[in-house]
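Working through the structure, step by step
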Amino acid sequence: MSAMPSPPLPEARSPDRVVVTCAVVGAEVTREQNPAVPYLPEEIARAALDAWRAGAAVVHLHARHPDGRASQRPEHFREIVDRIRATGCDVVIQCSTGGAVGMGVNERLGSLVDGAEMATLNMGTTNFGDEVFVNSRPDIVRIAARIRERGLVPECEIYDAGMLETLRWLREKGHLGRPYQVQFVLGVPGGMSGTERNLRFLVEGLPEPAHWGVAGVGRCEMPMVELALRLGGDVRVGLEDNLYASKGVLARGNAELVETAVRLARASGREPSTPAEARAALGIAPAPARPP
Ligand code: KMH
Ligand code: ZN
């Protein structure tokens, strides 16, 4: 068990607020597909800052080697986190423990560096395009334990309906405590598609009331934002999930996708949460003090 103090319990979510997360790089997309995809820690940190300025309260981070290959190396994550914080930016930092398809659990856990506040916890194995993203139950339990030891708030990534049963099992067996966030990642080829029917079914299937959001992959990104805004969920956008601003038009960067989500949020009567509001809602301790 953790020697760290327990995080505060989440405050009741205000229905007129929405937490916008930006997944700025991911592990799969390349510069050949969109030149705005960041690779270097400095570029990823700048993308996170741009997303924050555009209205994102949370950034979901992966790292890359300089040639663009996915990296879970602690030194890459540390540099990204330090560069973000050195500017005084208070965005909530969420590190991926999913990494890339084919990585082992030890390698994937390399992302949990000091300064991370949230970490993803993938709820099961899924086809991921032509590959398989493996998350056995013992692996999930191990990753959950490490997230807890480090005092981080887990975000449970759900790609398919059966993963709700794993979420339920983790809660029943005490492997997953509160607070936690649920992220429905819809539209991965091999997982559930991003449709209204699917999202409603998943939200209704949550084992208990929980903060949830949706990330729509590819062309269903913004339709899923609009739907989540109606259903009371949070939203995720960013180049990890979608490279296009509109049909056939590449996004200039992450900030453009966040700006669209913010516009949709305001049009629906919900204001994007500040990072401080997101921390309170998600049960994360207040941000570290700004550097002098
Ligand atoms: N890159 C995917 C195989 C996560 O960040 O936790 C897994 C992923 C999930 O991106
Ligand atoms: Zn990710």
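Scope of this entry: the structure provided in the associated data block. All values derive from a computational prediction rather than experimental measurement.

Helix and strand counts for the protein come out as 9 helices and 16 strands. Computed over its C-alpha atoms, the radius of gyration of the protein comes to 17 Å, within 12% of the 19 Å expected for a compact globule of 292 residues. Dimensions along the principal axes, computed over C-alpha positions, put the protein at roughly 45 × 45 × 40 Å. Counting the 292 residues in the protein, one finds 54% classified as buried. At a minimum sequence separation of 6, the contacts of the protein that also span at least 24 residues come to 72%. Element-wise, carbon and sulfur atoms account for 52% of the exposed surface of the protein, whose accessible area totals about 12,600 Å². A distance of 2 Å separates the average location of the 33 positive side-chain charges in the protein from that of its 36 negative side-chain charges.

Coordination sphere of the zinc ion (ligand 2), protein contribution only: H60 (NE2), H62 (NE2) and E240 (OE), at 2.1 to 2.2 Å. Mapping the donors of the zinc ion (ligand 2) onto the primary sequence gives the spacing H-x1-H-x177-E. The exposure class assigned to H62 is buried, which follows from its relative accessible area of 4%.

Scanning the entire structure with this criterion turns up 22 salt bridges. One salt bridge connects R85 with E117, and the closest N-O pair in it is separated by 2.9 Å. Here R85, found in helix α2 (residues 74-86), pairs with E117, found in the loop between α3 (105-108) and β7 (118-122); they are 32 residues apart in sequence, far enough to count as distant. Residues R85 and E117 agree in their burial class; the two are buried. Here the salt bridges do not stand alone but share partners, grouping E157, R236, E240 and D241 into one network.

So, on to the packing of aromatic side chains. Summed over all chains, the structure comprises 4 aromatic pairs. Relative to F133, the ring of F128 lies with its centre 5.8 Å away and its plane at 70 degrees, an arrangement referred to as edge-to-face. For F128, a relative accessible area of 21% puts it in the partly exposed group. Between F133 and Y159 the ring centres are 6.2 Å apart and the planes differ by 85 degrees, which places this aromatic pair in the edge-to-face class. With a gap of 26 residues between them, F133 in strand β9 (residues 131-133) and Y159 in the loop between β10 (153-158) and α5 (163-172) connect regions that are remote in the sequence. A relative accessible area of 6% places F133 in the buried class. Each member of the aromatic cluster is reached from another via a ring pair, and the members are F128, F133 and Y159. A cation sits over an aromatic face here: R31 above Y39, 4.1 Å from the ring centre. One residue, R137, lies across the ring of W169, its end atom 3.7 Å from the ring centre.

Basis of the calculations
- Residues numbered from 1 in each chain as written.
- Chains lettered and ligands numbered in written order.
- Predicted model: local features only at pLDDT ≥ 70, side-chain atom pairs only at ≥ 80, totals over all residues.
- Heavy atoms only, no water.
- Helix = DSSP H or I, 4+ residues; strand = E, 2+ residues; numbered from the N terminus.
- Rg over C-alpha atoms; globule rule 2.2 N^0.38 Å.
- Buried < 20%, exposed > 50% of the residue type's maximum accessible area, 1.4 Å probe, protein only.
- Contact = heavy atoms within 4.5 Å.
- Areas by Shrake-Rupley, 256 points an atom, 1.4 Å probe, with all protein chains shown as cover.
- Lys, Arg positive; Asp, Glu negative; His and termini not counted.
- Charge placed at Lys NZ, Arg CZ, Asp CG, Glu CD.
- Donors = N, O, S within 2.8 Å, 3.2 Å for Na, K, Ca; no water.
- Salt bridge = Lys/Arg side-chain N within 4 Å of Asp/Glu carboxyl O.
- Phe/Tyr/Trp six-rings, centres within 6.5 Å; stacked < 30°, edge-to-face > 60°.
- Lys NZ or Arg CZ within 6 Å of the ring centre and 35° of its normal.

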